[in-house]
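Chains, contacts and geometry: an overview
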Amino acid sequence: MALARLHGGPLDGQIIPLGDADDKLIVPYSETQVVYNRRGEPANTGTDDGPTEIDYWYDEALEDISPSDD
């Protein structure tokens, strides 16, 4: 299994499990979804250096992101 490392946007710094390593990652966030695009090559691809990590960078939110009124 690979891990997606997210950069920028509301999920900056998060690491999430990644089933398939597509070029675009759409992640639920609050009541909308945010889009991250893959950049660079996978890291830690050897047999003894931990899970493979792939960098994804924030592109857009599918709807406006606003703070909760709670």
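Before reading on, note that the structure itself is shown above.
Our subject in this report is the structure included herewith.

Moving on, we come to the side chain of Thr32. Along the chain, Thr32 falls in strand S4 (residues 32–38). In this structure Thr32 comes out as buried when scored by relative accessible area, which is 10%. One polar contact links the side chain of Thr32 to the main-chain amide nitrogen of Glu63, over a distance of 3.1 Å. Each residue touching Thr32, except ones within four places of it in the same chain, is listed here: Val27, Leu62, Glu63 and Ile65.

A separate point is the pairing of strand S3 (residues 24–29). Across six bridges, the pairing between S3 and S4 is antiparallel. Within S4, the residue paired with Lys24 across the bridge is Asn37. Counted along the chain from S3 to the antiparallel partner S4, the turn is two residues long, and its residue Ser30 has a positive phi close to 55°.

Definitions and limits used
Residues numbered from 1 in each chain as written. Predicted model: local features only at pLDDT ≥ 70, side-chain atom pairs only at ≥ 80, totals over all residues. Heavy atoms only, no water. Helix = DSSP H or I, 4+ residues; strand = E, 2+ residues; numbered from the N terminus. Buried < 20%, exposed > 50% of the residue type's maximum accessible area, 1.4 Å probe, protein only. Polar contact = N/O pair within 3.5 Å; in protein donor to acceptor, adjacent residues only side chain to side chain. Contact = heavy atoms within 4.5 Å. Pairing = 2+ DSSP bridges.

So, to be careful, I would describe these as geometric facts and stop short of saying anything about function.
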